[in-house]
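If you want the building blocks of each chain, they are given just below.
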Amino acid sequence: MEATKQIKASVPQTRVLILTAYDNPEFVTAAIEAGAAGYLLKNVRRKELTTAIRSANEGESVLHPSVAKAIFCSVAHPG
């Protein structure tokens, strides 16, 4: 997250995609707060990754489907 913050501070127009093994909603939130344009899991398929990169480049936000599900569940069922 610190690298994302530094990148965004140095070159704000840069679109950062996080590629990770963790679908923890707290990590996703931290990434978004740091300025990430997207959050993908390492098991993403090549075609999905390519689409995500293009989407982020066009200004869209990108979340891996299981990450979106985890966030939805954490909001719908807090605690």
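Use the structure listed above.
Undergrad: What should I look at first to understand the sheet that holds strand E1 (residues 17–20) in this one?
TA: Sheets are built from strands that pair by backbone hydrogen bonding, the pairs being arranged parallel or antiparallel. One open sheet accounts for three strands, arranged E1-E2-E3; its pairing is parallel. Strand pairing shows two members of the sheet lacking a second neighbour, E1 and strand E3 (62–63), which therefore form its edges.

Undergrad: Looking at this structure, I do not really get the side chain of serine 55. What am I missing?
TA: Position of serine 55 among the secondary structure elements: in helix H3 (residues 46–57). Exposure remark for serine 55: the relative accessible area of 14% places this residue in the buried category. Contact partners of serine 55, with chain neighbours within four places excluded, come to Glu60 and Val62.

Undergrad: What is the right way to look at the side chain of threonine 20 in this model?
TA: Along the chain, threonine 20 turns up in strand E1. By relative accessible area, threonine 20 is classed as buried at 11%. A distance of 3.3 Å separates a polar atom in the side chain of threonine 20 from the backbone nitrogen of tyrosine 22. Look past the residues within four positions of threonine 20 in its chain and what remains in contact with it is Tyr39, Leu40, Leu41 and Lys42.

Undergrad: How do you make sense of the environment of glutamate 58 when you look at a structure like this?
TA: Within the secondary structure, glutamate 58 sits in the loop between H3 and E3. Sequence-wise, glutamate 58 and arginine 15 are 43 residues apart; in three dimensions their C-alpha atoms are separated by 9.2 Å.

Calculation notes
Residues numbered from 1 in each chain as written. Predicted model: local features only at pLDDT ≥ 70, side-chain atom pairs only at ≥ 80, totals over all residues. Heavy atoms only, no water. Pairing = 2+ DSSP bridges. Helix = DSSP H or I, 4+ residues; strand = E, 2+ residues; numbered from the N terminus. Buried < 20%, exposed > 50% of the residue type's maximum accessible area, 1.4 Å probe, protein only. Contact = heavy atoms within 4.5 Å. Polar contact = N/O pair within 3.5 Å; in protein donor to acceptor, adjacent residues only side chain to side chain.

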